[in-house]
Amino acid sequence: MIIKVRGRSKESEINRLKKHLNDSGFELHVSQGINHLIIGVIGDTVAYDTRGLYGFECVESVIRIQEPYRQANIKFKTSKTIVDVGGVRVGGDKIILIAGPCSVESMDSFMKIAEEVNKLGADCMRGGAYKPRTSPYAFQGLELEGLKIMDKAKGKYNMPIVSEIMSMDKIDEFEKYVDLVQVGARNMQNFELLKALGKISKPILLKRGFSNTVQEWIMSAEYILASGNPNVILCERGIRTFENYTRNTLDVSAILAAKRLTHLPIIVDPSHAAGRWELVEDLSKAAIAAGADGLIIEVHTNPEEAMSDGAQSLKPSKFKELIKSCRKIASAVERDL
Ligand code: PEP
Ligand code: MN
């Protein structure tokens, strides 16, 4: 870290700053420029709150050199992490496909959708049993019943299941039924939940909050890793911008940033980014071209009647077309799909 000291600062104030840094275990390299004193701070700053230094009157600016995350950092683990989701490897050569409805609605409809996505070659099934809806009057999900329905489909089609957890008190249910535990955009910074998920044996799909920076997203992954669970998959799902043609704006550069900064696999959810089914195929192609390790897509046999997110759900025939065109992009970037 580098500290620029304000010109004409009192010597006593600078000494107080130096003592604080020494007491915090850092070595200091001080250099006097023409107008400014610069203090180079040597040591492990990963757990150090650099913003706190602005409390010293003599500090004009602080530049952090070391990232505030260690376990998620590609500098400390150069090999890519491959996460095993019930036998499906995420982050390897093969791009994986997760597909299914936004919400699990009934045994009958879920089984039909599962049959279709299985036939088309999806690797895992998605479905929400606990739904984070904007309105308390909207369908909230079938809860445990929804997880049991997914479990039945898993038994029949032998595909791992992905579902969103919203609170810590449901961890036992998720450990029992779910292969990949999704943390939704709205819970990305629910730190108590993240710490608790760091203690379970199932892998975690960590969606990016719609108003969070890439660094905040990686810090949330760090919470899970630092609590003991190394199996984290990142998911870009669109962020809030001023644009309202789409529901959110798919941040393609976040895929590149995550790849450069971490060793974790990253998948993309073009359905929640777009909010409109007709954009999902092309956004999927963009995600694969940018290096995504997989896609999570909302598919419904009857989107017109879906209990949530029908507008962005693909019919199986459209999902089939998506896979076909994504395969061409995958081969162009030398990946399997
Ligand atoms: C979902 O996957 O159904 C969902 C609610 O996603 P997000 O948290 O990205 O909005
Ligand atoms: Mn949804």
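Remember, predicted model here, so these are calculated numbers, not experimental data.

(A) Spatial organisation of the side chain of Asp-293. Along the chain, Asp-293 turns up in the loop between helix 9 (277-289) and strand 14 (294-298). Those residues within four positions of Asp-293 in sequence are excluded, and the remaining contacts are Lys-80, Gly-91, Gly-92, Lys-94, Ile-95, Ile-96, Lys-259, Pro-265, Ile-266, Ile-267 and Arg-335.

(B) Structural detail: the nonpolar core. The biggest cluster of nonpolar side chains holds 70 residues, and the ones touching the most others in it are Val-117, Leu-197, Leu-206, Trp-217, Leu-295, Phe-319 and Leu-322. Here Leu-206 is in contact with Val-183, Met-188, Leu-194, Trp-217, Ser-220, Ala-221, Ile-224, Val-232, Ile-233, Leu-234 and Cys-235, once residues within four sequence places are set aside. Grouped together as the second largest cluster of nonpolar side chains are 17 residues, Ile-3, Leu-17, Leu-21 and Val-62 included.

(C) Representation of the site of ligand 1 within the structure. The full set close to ligand 1 counts 13 residues, and Arg-126, Ala-185, Arg-186, Lys-207 and Arg-237 are the nearest of them. In this structure, an oxygen atom belonging to ligand 1 sits 2.9 Å away from a side-chain N or O atom of Arg-186. Between ligand 1 and His-272 there is a distance of 3.3 Å, counted from an oxygen atom to a side-chain nitrogen or oxygen. Notes on ligand 1: free accessible area 300 Å², of which the protein chains cover 97%. Taken atom by atom, the bulk of ligand 1 overlaps the largest pocket. Split by residue class, the shell around ligand 1 holds three nonpolar, three polar and seven charged.

(D) Main features of the packing of helix 2 (residues 107-120) against helix 3 (residues 144-157). Where helix 2 contacts helix 3, the two axes come as close as 10 Å, and the packing angle between them is 35 degrees. Considering only the axes of helix 2 and helix 3, their crossing is right-handed. Residues Met-107, Phe-110, Met-111, Ala-114, Glu-115 and Asn-118 of helix 2 pack against Ile-149, Met-150, Lys-152, Ala-153, Lys-156 and Tyr-157 of helix 3. Of the residues that constitute the contact of helix 2 with helix 3, the class distribution is eight nonpolar, one polar and three charged.

(E) Local environment of the sheet that holds strand 3 (residues 37-42). Read across the sheet, four strands follow the order 2-3-1-4 without closing on themselves; strand pairing throughout is antiparallel. Strands with a single pairing partner mark the edges of an open sheet, and in this sheet they are strand 2 (27-32) and strand 4 (59-63). Strand-to-strand, the axes of this sheet are offset by a mean angle of 20 degrees, without reference to chain direction. Pairing between strand 2 and strand 3: six bridges, direction antiparallel. Across the sheet, residue Ser-31 finds its bridge partner in strand 3, namely Ile-38. Its contacts with the sheet put helix 1 (residues 11-23) on strand 1 (2-5), strand 2, strand 3 and strand 4, and the angle it makes with strand 3 is roughly 10 degrees.

(F) Broad picture of the packing of aromatic side chains. Within this structure, the stated rule accounts for three aromatic pairs. Consider the rings of Tyr-130 and Phe-174, whose centres lie 5.9 Å apart with planes at 40 degrees: the pair is tilted. Pair noted here: Tyr-130 is in the loop between strand 8 (124-126) and helix 3 and Phe-174 is in helix 4 (residues 171-177), with a separation of 44 residues, a long-range link. On the basis of relative accessible area, Tyr-130 is assigned to the buried category, the value being 8%. On the basis of relative accessibility, which here comes to 0%, the residue Phe-174 falls in the buried class. Ring geometry for Phe-191 and Tyr-223: centres 4.5 Å apart, planes at 25 degrees, overall stacked. Of this pair, Phe-191 sits in helix 5 (residues 191-197) while Tyr-223 sits in helix 6 (residues 214-226), and the two are 32 residues apart along the sequence. Residue Phe-191 is classed as partly exposed on the basis of its relative accessible area of 30%. Seen from the ring of Tyr-245, Arg-276 lies directly overhead, with NZ or CZ sitting 4.1 Å from the centre.

(G) The arrangement of the sheet that holds strand 11 (residues 204-207) in detail. One closed barrel holds the eight strands; their spatial order is 7-8-9-10-11-12-13-14, and the pairing between them is parallel. In this sheet, adjacent strand axes meet at a mean angle of 30 degrees when their direction is disregarded. Bridge count between strand 7 (residues 96-100) and strand 14: five bridges; the pairing is parallel. Residue pairing in the sheet places Leu-97 in a bridge with Leu-295 of strand 14. Where helix 6 meets the sheet, its contacts fall on strand 11, strand 12 (232-236) and strand 13 (266-268), and the angle it forms with strand 12 comes to roughly 160 degrees. Packing against the sheet, helix 7 (residues 252-261) makes contact with strand 12 and strand 13, and its axis sits at approximately 170 degrees to strand 13.

Cut-offs used in this document
Residues numbered from 1 in each chain as written. Chains lettered and ligands numbered in written order. Predicted model: local features only at pLDDT ≥ 70, side-chain atom pairs only at ≥ 80, totals over all residues. Heavy atoms only, no water. Helix = DSSP H or I, 4+ residues; strand = E, 2+ residues; numbered from the N terminus. Contact = heavy atoms within 4.5 Å. Core = buried A, V, L, I, M, F, W, Y, C linked by side-chain atoms within 4.5 Å. Buried < 20%, exposed > 50% of the residue type's maximum accessible area, 1.4 Å probe, protein only. Near = heavy atom within 4 Å. Polar contact = N/O pair within 3.5 Å; in protein donor to acceptor, adjacent residues only side chain to side chain. Areas by Shrake-Rupley, 256 points an atom, 1.4 Å probe, with all protein chains shown as cover. 1 Å grid on protein atoms, 1.4 Å probe; cavity = no way out; pocket = protein on both sides within 12 Å on 5 of 7 lines; lining within 4 Å. Sits in = over half its atoms within 2 Å of the grid points. Nonpolar A, V, L, I, M, F, W, Y, C, P; charged D, E, K, R; others polar. Axes fitted to C-alpha atoms, helices over the stretch in contact; angles between N-to-C directions. Left-handed = near helix turned anticlockwise from the far one by under 90°. Pairing = 2+ DSSP bridges. Phe/Tyr/Trp six-rings, centres within 6.5 Å; stacked < 30°, edge-to-face > 60°. Lys NZ or Arg CZ within 6 Å of the ring centre and 35° of its normal.

Honestly, that's just the spatial picture; any functional story needs more than this.
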